[in-house]
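One-letter residues, chain by chain:
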Amino acid sequence: VTDSWSADFIDLDLDTLTSLTVSCNFLEINPLIDLACAKIASLCKDKDEEEILKTFGITETFNEEEKKRIREENKWIEENFE
């Protein structure tokens, strides 16, 4: 949950949001990294894979074998959200 000032502050276009996130990570500004990552997560919320790829302009993707391997390696993520 974010306060209204922070929500307004982080309401940025995707390019600016991405640059801010990378910069905050480099400068180790953890509260701003958390806010930026939460905004990025909100852009993915309730979207399927195709919508997420479109949102972020991702044109290259993994083949089915690579997707299966990645899902298996990161199974713990989904388990934490059940």
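Residues numbered from 1 in each chain as written. Predicted model: local features only at pLDDT ≥ 70, side-chain atom pairs only at ≥ 80, totals over all residues. Heavy atoms only, no water.

What is the right way to read the overall build of the protein chain from this model?
Along the backbone of the protein chain there are 6 helices and 0 strands. Element order for the protein chain, N to C, with α for helix and β for strand: α-α-α-α-α-α. For the protein chain, the spread of C-alpha atoms along the three principal axes comes to 40 × 30 × 25 Å. Within the protein chain, contacts between residues at least 6 apart in sequence are counted, and of these 31% link residues at least 24 apart. Element-wise, carbon and sulfur atoms account for 54% of the exposed surface of the protein chain, whose accessible area totals about 7000 Å². (Helix = DSSP H or I, 4+ residues; strand = E, 2+ residues; numbered from the N terminus. Contact = heavy atoms within 4.5 Å. Areas by Shrake-Rupley, 256 points an atom, 1.4 Å probe, with all protein chains shown as cover.)

Can you walk me through unusual backbone geometry in this structure?
Peptide bonds are, in most cases, trans, and in most cases residues other than glycine have a negative phi. Look at Glu28: it is not a glycine, yet its phi comes out positive at around 60°. One can find Glu28 in the loop between helix H2 (14-27) and helix H3 (30-44). We classify Glu28 as exposed; its relative accessible area is 64%. Phi angles above zero are rare outside glycine, and Asp46 is one such case at about 60°. Mapped onto the fold, Asp46 is located in the loop between H3 and helix H4 (49-55). A relative accessible area of 73% means that Asp46 is categorised as exposed. (Buried < 20%, exposed > 50% of the residue type's maximum accessible area, 1.4 Å probe, protein only.)

Any functional reading would require information that these geometric values do not contain.
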